[in-house]
Amino acid sequence: MSRVGLFRRLHQRRLPDDPLVLPGPWDAASARVFVEAGFTALATPSAGVAASLGYEDGATPTDEMFAAVARIVRAVDVPVSADVEGGYGLAPKELVERLLEAGAVGCNLEDSDGGVLKDPRQHADWLADVRAVAADQLFVNARVDVFLHGDGNPERAIERAALYVAAGADCVYPIAAPAGVLPLLRSGIQGPVNALARLDGEGPSPTELGELGATRITFGPGLQRWAAGALEGMAGDLQKG
């Protein structure tokens, strides 16, 4: 079975207490750590990769992002999906070609630009073009930014999600959705739903998010920031001698 086929299968028939948990590596070394820990697939976070390259979130040059994804893919033997933000202004054909060249099995695509929500129908048309070019070679995770940059209305998120699923998205990601609205989102969205898990102990665990309706769990840049915080503490101890 191909890696993208395996990645698709990992999203199917998930039990509520067993969502697909996808750690977010920011470089080759972190990717190997996650695979050695037993994770069967990974999903890069654009903000985490940006930090590892010395950029602010959203400021990574296109070539550097794809090169970073390629290094992560080469370092492991499991499927890797790539967060490529809003697609960097690339035409669908070039975007798909560059993802496949990097070895990614999937992509995360945002429906906002500069903190402003895109027109959902225009975005759906663009997603449909990406799907038409990619065919079955990529797993498309369509991010819905209503809770991040919109009014937080769950019904509006469901409406946008429906357009993206109809356009061919394999999964929908209502990022930053409050845990309490996940059951409503689950009931209104066809197909897999991605939820963001927090690492500060303030939110539900991955298992709890699965029980609320999430099919898969990602962490955004949380793991990279946690690692940087741990390193900061160690550096402080070294400085003290």
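Structure first, text after, so check above.
Scope of this entry: the structure provided in the associated data block.

### A few points about the overall build of the protein
Each helix and strand in the protein was counted, giving eleven helices and ten strands. Relative to its length of 241 residues, the protein is compact, with a C-alpha radius of gyration of 17 Å against a globular reference of 18 Å. With the C-alpha coordinates of the protein rotated into their principal frame, the extents come out at 60 × 40 × 40 Å. Considering the protein as a whole, with its 241 residues, one finds that 46% of them fall into the buried category. Across the protein, the fraction of contacts at a sequence separation of at least 24, relative to all contacts at a separation of at least 6, is 65%. When the accessible surface of the protein is summed, it comes to about 11,300 Å², and 52% of that surface belongs to carbon and sulfur atoms. Put simply, the protein has 21 plus and 32 minus side-chain charges, and the middle of one group is 5 Å from the middle of the other.

### Side note on the sheet that holds strand 10 (residues 216–218)
The three strands are arranged 1-10-9 in an open sheet whose pairing can be described as parallel. Single-partner strands in this sheet number two, and they are strand 1 (20–21) and strand 9 (194–196). Inspection of the sheet shows strand 9 paired to strand 10 by three bridges, in the parallel sense. Counterpart to Asn194 in the pairing with strand 10 is Arg216.

### Here's the deal with the packing of helix 3 (residues 46–53) against helix 4 (residues 62–75)
In contact at an axis separation of 11 Å, helix 3 and helix 4 are set at 100 degrees when each is read in the N-to-C sense. Taken together, the axes of helix 3 and helix 4 lie roughly perpendicular to each other. Contacts from Ser46, Val49 and Leu53 of helix 3 reach helix 4 at Glu64, Met65, Ala68 and Arg71. Considering only residue class, the contact of helix 3 with helix 4 consists of four nonpolar, one polar and two charged.

### Re the packing of aromatic side chains
Tallied over the entire structure, the rule returns four aromatic pairs. With 5.3 Å between their ring centres and 85 degrees between their planes, Phe7 and Phe139 make a pair best called edge-to-face. In this pair, Phe7 is assigned in helix 1 (residues 3–10) and Phe139 in strand 7 (residues 139–143), connecting sequence segments 132 residues apart. Plain terms: the ring middles of Phe66 and Tyr88 are 6.1 Å apart, the flat faces sit at 70 degrees to each other, and that makes the pair edge-to-face.

### Description of the environment of Val96
Relative to the helices and strands, Val96 is located in helix 5 (residues 92–102). A sequence separation of 38 residues divides Val96 from Ala134, and the C-alpha atoms of the two residues are 6.0 Å apart. For Val96, the residues in contact, after removing those within four places along its chain, are Val130, Val133, Ala134 and Leu138.

### Topic: unusual backbone geometry
For Ala135, which is not glycine, the phi dihedral falls at a positive 55 degrees. Along the chain, Ala135 turns up in the loop between helix 6 (120–134) and strand 7. A residue is classified by how much of its surface remains accessible, and Ala135, at 42% relative accessible area, is partly exposed. Phi at Ala176 is positive, roughly 70 degrees, even though this residue is not glycine. Relative to the helices and strands, Ala176 is located in the loop between strand 8 (171–173) and helix 9 (182–188).

### Overview of the nonpolar core
Counting 54 residues, the largest nonpolar core has Val84, Leu95, Leu99, Leu109, Leu127 and Leu185 as the members making the most contacts within it. Broken down by element, the residue count for this core peaks at six residues, all from helix 4. In this structure, Val84 is in contact with Phe66, Leu95, Leu99, Cys107, Asn108 and Leu109, ignoring residues within four places of it in sequence. Listed in part, the ten residues of the second largest apolar core include Val4, Leu10, Ala43 and Phe139.

Rules used in this analysis
Residues numbered from 1 in each chain as written. Predicted model: local features only at pLDDT ≥ 70, side-chain atom pairs only at ≥ 80, totals over all residues. Heavy atoms only, no water. Helix = DSSP H or I, 4+ residues; strand = E, 2+ residues; numbered from the N terminus. Rg over C-alpha atoms; globule rule 2.2 N^0.38 Å. Buried < 20%, exposed > 50% of the residue type's maximum accessible area, 1.4 Å probe, protein only. Contact = heavy atoms within 4.5 Å. Areas by Shrake-Rupley, 256 points an atom, 1.4 Å probe, with all protein chains shown as cover. Lys, Arg positive; Asp, Glu negative; His and termini not counted. Charge placed at Lys NZ, Arg CZ, Asp CG, Glu CD. Pairing = 2+ DSSP bridges. Axes fitted to C-alpha atoms, helices over the stretch in contact; angles between N-to-C directions. Parallel < 35°, antiparallel > 145°, perpendicular 65-115°, else oblique. Nonpolar A, V, L, I, M, F, W, Y, C, P; charged D, E, K, R; others polar. Phe/Tyr/Trp six-rings, centres within 6.5 Å; stacked < 30°, edge-to-face > 60°. Core = buried A, V, L, I, M, F, W, Y, C linked by side-chain atoms within 4.5 Å.

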